[in-house]
Amino acid sequence: MSSTSNYYCSLLKLCCETHNQIQGKKLHCRILRTVTHPETFLWNNLINTYSKLGNIAYARHVFDQIPRQNLFSWNTILSAYSKSGRLSEMQEIFNKLPHRDGVSWNSVISGYAAYGPFDESVEVYRWMLKDGPMNLNRITFSTMLILSSNQGSIDLCRQIHGQIVKFGFGSYVFVGSPLVDMYSKAGLILDAKRVFDELPERNLVMYNTMIMGLLRCGMVEDSKQLFCYMPEKDSISWTTMITGLTQNGLEKEAVDMFRKMRSEGLTIDQFTFGSTLTACGLLLVLKEGKQIHAYIIRTNFMGNVFVGSALVDMYCKCRNIKYAETVFKRMTCKNIVSWTAMVVGYGQNGYSEEAVQIFREMQTTGIDPDDFTLGSVISSCANLASLEEGAQFHGRALVSGLLSFVTVSNALVTLYGKCGSMEESHCLFNEMNFRDEVTWTALVSGYAQFGKAYETIDLFEKMLACGLQPDEVTFVGILSACSRAGLVQKGCQYFDLMVKEHGIMPIQDHYTCMIDLFSRAGRLEEAKIFIFKMPYSPDAIGWATLLSSCRVHCNMEIGKWAAESLLELEPQNPASYVLLSSMYAAKGKWDKVAQLRRGMRDMGIRKEPGCSWIKYKSRVHIFSADDRSSPYSDQIYAKLEKLYCKMIEEGYVPDMSSVLHDVEQSEKIKMLNHHSEKLAIAFGLIFIPCGLPIRVVKNLRVCGDCHNATKFISKITQREILVRDAVRYHLFKGGICSCGDFW
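Here the structure is a predicted model, which means the values were calculated and not measured.

Visitor: Hey, could you run me through the pattern of salt bridges in this one?
Guide: Side-chain pairing between opposite charges can occur once the charged atoms of the two side chains come close. Applying the stated rule across the entire model yields 26 salt bridges. Of the charged contacts in the structure, one is a salt bridge between Arg216 and Asp181, with a shortest N-O distance of 3.5 Å. With Arg216 in helix H13 (residues 204–216) and Asp181 in helix H11 (residues 173–185), the pair connects residues that are 35 residues apart, well separated along the chain. Using a relative accessible area of 37% as the deciding quantity, one classes Arg216 as partly exposed. In this structure Asp181 comes out as buried when scored by relative accessible area, which is 17%. Between Lys615 and Glu389 there is a salt bridge whose closest N-O contact spans 3.1 Å. Separated by 226 residues along the polypeptide, Lys615 in strand E1 (residues 611–616) and Glu389 in helix H24 (residues 387–400) bring together distant segments of the chain. Given a relative accessible area of 17%, Glu389 falls into the buried group. Sharing partners across several salt bridges, the network here consists of Arg60, Asp64, Glu92 and Lys96.

Visitor: Explain the confidence of the model for the chain here, please?
Guide: A low pLDDT score tells you not to read the predicted coordinates there in detail. Looking at the chain, the pLDDT average stands at 87 and 92% of residues meet or exceed 70. Of all the helices and strands in the chain, helix H38 (residues 665–673) carries the lowest mean pLDDT, 64, while helix H19 (residues 305–317) carries the highest, 96.

Visitor: Quick question: what am I supposed to make of the packing of aromatic side chains here?
Guide: The description of an aromatic ring pair rests on the distance of the ring centres and on the angle between the ring planes. Across all of its chains, the model carries 32 aromatic pairs by this definition. Where Phe196 meets Tyr207, the ring centres are 5.4 Å apart and the plane angle is 80°; that geometry is what we call edge-to-face. Note that Phe196 is positioned in helix H12 (residues 189–198) and Tyr207 in helix H13, a separation of eleven residues in sequence. When sorted by exposure, Phe196 lands in the same class as Tyr207, which is buried. Between Phe623 and Phe683, the aromatic rings sit 5.8 Å apart at their centres with planes inclined by 50°, giving tilted as the arrangement. In this pair, Phe623 is assigned in strand E2 (residues 619–624) and Phe683 in helix H39 (residues 676–687), connecting sequence segments 60 residues apart. Given a relative accessible area of 0%, Phe683 falls into the buried group.

Visitor: Sorry, what's going on with helix H14 (residues 220–229) here?
Guide: Count 3.6 residues to each turn of an α-helix, and residues three or four apart come out pointing the same way. Inspection of H14 places Val220, Ser223, Leu226 and Phe227 among the buried residues, and these make up the whole buried set. Around the axis of H14, the buried residues are gathered within 125° of arc, so they sit on the same side. Set apart from the buried face of H14 by more than 90 degrees, the exposed residues are Glu221, Cys228 and Tyr229. At its buried positions, H14 is contacted by H12, H13, helix H15 (235–247) and helix H16 (251–263).

Visitor: Sorry, what's going on with the sheet that holds E2 here?
Guide: Strand pairing in a sheet relies on backbone hydrogen bonds. The paired strands run either parallel or antiparallel. Pairing is mixed across the open sheet formed by six strands, whose spatial order is E2-E1-E3-E4-E5-E6. Both edges of this open sheet fall to E2 and strand E6 (736–737), since each of them pairs with a single strand only. Docked against the sheet, helix H40 (residues 704–717) engages strand E4 (721–724), strand E5 (729–733) and E6, running at close to 35° with respect to E5.

Visitor: In this structure, what is going on with the pairing of E5? I would like to understand it.
Guide: For E4 and E5, the ladder comprises four bridges, and the chain directions are antiparallel. Directly across from Arg724, in E5, lies its bridge partner Tyr729. If you look at the hairpin formed by E4 and E5, you'll find four residues sitting between the two strands. Strand direction decides the pairing type here: E5 and E6, joined by two bridges, are antiparallel. Paired with Phe732 across the strands is Cys737, a residue of E6. Between E5 and E6, which pair antiparallel one after the other, the connecting turn spans two residues, and Gly734 there sits at a positive phi close to 60°.

Visitor: Could you clarify how one ought to interpret the packing of helix H1 (residues 3–18) against helix H3 (residues 40–52) in this entry?
Guide: When two helices pack together, their arrangement is given by the angle between the helix axes and the distance between those axes. Look at H1 against H3: their axes get within 10 Å of each other, and the N-to-C directions meet at 5°. On the basis of the axis angle, H1 is roughly parallel to H3. Facing Ser5, Tyr8, Cys9, Leu12 and Cys16 of H1, the residues of H3 in contact are Phe41, Leu42, Asn45, Leu46, Thr49 and Lys52. Residue composition of the contact of H1 with H3, by class: seven nonpolar, three polar and one charged.

Visitor: Please clarify how the environment of Gln635 should be interpreted in this entry.
Guide: As for its position among the elements, Gln635 is in helix H37 (residues 633–650). Sequence separation between Gln635 and Ile686 is 51 residues; the distance between their C-alpha atoms is 8.1 Å. If near-sequence neighbours (up to four positions away) are discounted, Gln635 is found in contact with Ile686 and Phe687.

Visitor: Please clarify how the pairing of E2 should be interpreted in this entry.
Guide: Side-chain positions along a regular strand alternate between the two faces of the sheet. Bridge count for E1 against E2 is six bridges, and the pairing is antiparallel. Following the sheet pairing, Lys615 is matched in E2 by Val620. What sits between the antiparallel neighbours E1 and E2 is a turn of two residues, in which Lys617 has the positive phi angle 55°.

Visitor: Would you mind going over the nonpolar core with me for this structure?
Guide: General note: in soluble globular proteins, nonpolar side chains tend to be found buried as a group. In terms of nonpolar packing, the biggest core is built from 141 residues, with Val312, Met342, Leu374 and Ile378 touching the most fellow members. Counting residues in hydrophobic clusters, the runner-up holds 37 residues, among them Ile504, Tyr511, Ile515 and Phe530.

Visitor: Looking at this model, I keep getting lost on the state of the cysteines. Mind explaining?
Guide: Considering all chains together, one arrives at zero disulfides under this definition. There is no disulfide at Cys466, and the cysteine sulfur nearest it, in Cys427, is 18 Å away.

Visitor: Can you help me understand the environment of Ser519 in this one?
Guide: With respect to the helices, strands and loops of the structure, Ser519 is situated in helix H31 (residues 508–520). Residues Ser519 and Lys317, 202 residues apart in the sequence, show an inter-C-alpha distance of 36 Å. Ignoring sequence-local partners within four residues, the contact set of Ser519 consists of Leu524, Ala527, Thr545, Leu546, Ser549 and His553. At a separation of 2.6 Å, a polar atom in the side chain of Ser519 contacts the main-chain carbonyl oxygen of Ile515. Of the polar contacts made by the side chain of Ser519, one reaches the side chain of Ser549; its length is 3.3 Å.

Visitor: Is there a simple way to explain unusual backbone geometry in this structure?
Guide: Leaving glycine aside, a negative phi is the common case for residues, and trans is the common case for peptide bonds. In the Ramachandran plot, Leu284 falls in the positive-phi region, its phi being about 60° despite a non-glycine side chain. Counting through the fold element by element, Leu284 comes out in the loop between helix H17 (270–283) and helix H18 (286–298). The backbone phi angle of Arg319 is positive, close to 60°, even though this residue is not glycine. Turning to its location among the elements, Arg319 is positioned in the loop between H19 and helix H20 (321–330).

Visitor: Would you mind showing me how to read the packing of helix H27 (residues 437–449) against helix H29 (residues 472–485) here?
Guide: Two elements in contact, H27 and H29, have axes whose closest approach is 8 Å; the angle formed by their N-to-C orientations is 20°. Accordingly, the angle class assigned to the pair H27 and H29 is roughly parallel. As H27 packs across H29, the resulting crossing turns out to be left-handed. Contact residues: H27 offers Thr441, Val444, Ser445, Ala448 and Gln449, while H29 offers Val473, Thr474, Gly477, Ile478, Ser480, Ala481 and Arg484. Residues belonging to the contact of H27 with H29 are distributed by class as follows: five nonpolar, six polar and one charged.

Calculation rules
- Residues numbered from 1 in each chain as written.
- Predicted model: local features only at pLDDT ≥ 70, side-chain atom pairs only at ≥ 80, totals over all residues.
- Heavy atoms only, no water.
- Salt bridge = Lys/Arg side-chain N within 4 Å of Asp/Glu carboxyl O.
- Helix = DSSP H or I, 4+ residues; strand = E, 2+ residues; numbered from the N terminus.
- Buried < 20%, exposed > 50% of the residue type's maximum accessible area, 1.4 Å probe, protein only.
- pLDDT = per-residue confidence, 0-100.
- Phe/Tyr/Trp six-rings, centres within 6.5 Å; stacked < 30°, edge-to-face > 60°.
- Arc of directions from axis to C-beta.
- Contact = heavy atoms within 4.5 Å.
- Pairing = 2+ DSSP bridges.
- Axes fitted to C-alpha atoms, helices over the stretch in contact; angles between N-to-C directions.
- Parallel < 35°, antiparallel > 145°, perpendicular 65-115°, else oblique.
- Nonpolar A, V, L, I, M, F, W, Y, C, P; charged D, E, K, R; others polar.
- Core = buried A, V, L, I, M, F, W, Y, C linked by side-chain atoms within 4.5 Å.
- Disulfide = S-S within 2.5 Å.
- Polar contact = N/O pair within 3.5 Å; in protein donor to acceptor, adjacent residues only side chain to side chain.
- Left-handed = near helix turned anticlockwise from the far one by under 90°.

Encoded structure:
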């Protein structure tokens, strides 16, 4: 090789390192002008330069101009086609090769492995074996092991392992590492350990791979032991341990490991920060998360999109949405993970509207959502009972092809269920090619919330028949369905089934369902006995559930016990005061009502104001009792007056027990007629076109008078009215409610 060729080759190498294609072309021109007969070595370097700079057409042009092509020339252009995914040209060059070596075969195998069908790679490998073992090398076996492992082809992996031993490559660390990785990914950890133990020499990569495999298979203690006995450790060793501990539910140990890593003075990279922040988020340790955030700033990692996304996720999990927003807004570069972290964070922290808004903002940046992002924003729409927006995202899922992902389909089943469109929910369920436990639970919960107990039970039994395992959420759905339908015996059977056959330890939600099951059916003494048998006292929701039923069934004795228990547990909870006041008001004990109200005022306790909202033309209209803030108030109140007159003619009698004030009868009627849900329904009757259902959401449980009045309104107007309150769905149609007046 001449000094001239050597000089130009060094300049071409510099062009590759700086990604400067223009300079590379200038050098090419200079070579053609100044070098009369360029050596093949120089031509080969030109091919390699154009290949690395992504100009395959120029690389081929140079190749075709070489007067005496050698094997390196052929392999260089072959590799260029292989790495760029141009498989037909790659195969054409391979077929024309006058002589093939290991590099030639490996280039073709790698090309098909990266861009082509899996079977083609295997076929080329088999032809290579037939060509003779002289071209086989560690690159061949490593590539085939990684490929077959990624495809989950265990039989092929074992065959390749046998050939590795047969051709004398068993002692090569470069081959041993992917073997260990392959067996551990397949869950065959004993085979992985045997390969590791039989290797005469092990390098750092081998140790790291083995530790990763042990952690992947849940063998935490073994991984700790191996980590301790490692002759040397690098940043990857520590990061592997931190990541593995986090994935195995040992988040505290992961954070402690991070501290030790820092004390060792090792370099911390984006993956270390990402895993440690994930551990902090799962532990809800905001203080430690902030400390790591400060360290990230000091080490100049804030510009890293991976680290920034992990910080957003950590703050969201620690319920500090303001910090998450600040980090997110300051990120100079955002990818789909960053946006998804913010969408999910808003949704999980109760900021569903903000979740939808940030998703819309993401769309304007040109970033396409993945199945997880789309599923998350649909879930936020479900929490808002926003059928209109949810249906738009359903359309996007269809167009983008993301509907085939179970995460998206599950979110849509939940959306339609929470919006009261059970027909659409069940239709989507039936169209799904694959259904997991979450799918079934979503539909079970939807029917349960809608009060369709028998449909819920039938669906639950079909789920069991399919061999699927119900979880805690599934049983909350089936128990609440039994409660709302008054199926006490059936509910007790399912509670026993959950504990005895499925081995699920009851949580507060299950106990609350059982308290509701007994008390809603008027079996308050049985509810009391059940509470005494519980391993711990009910939470605030459990006591409030009992107290609410005591009000309905006029049981002052158990009601006072429930109220006192609730006050002891949560002295600032207004539910006990409000429900007890309601019981006293129903019996005309206004002095007791006044006494409770004075107590609330003195303690600074305020009842959560009831409000209802309805969506019209992408805008949410919110109403509270006696609300006149709407620009359409005159029309709304006029509509209610007309409806009231027609309702009286139809036999409607106002339920005065729903008014907790000692006022004149006429004033009580006026107060009842202006409840928030009635205002929202009147708005819907005015603006929602006939033929479309009126959908109203209320933050509290619908009162008895409003429930009765809405039945009359649906009959008089011949409109379908869907009310979602804090407890369940009510579908009013033709004077009948789907709950059967049992809620």
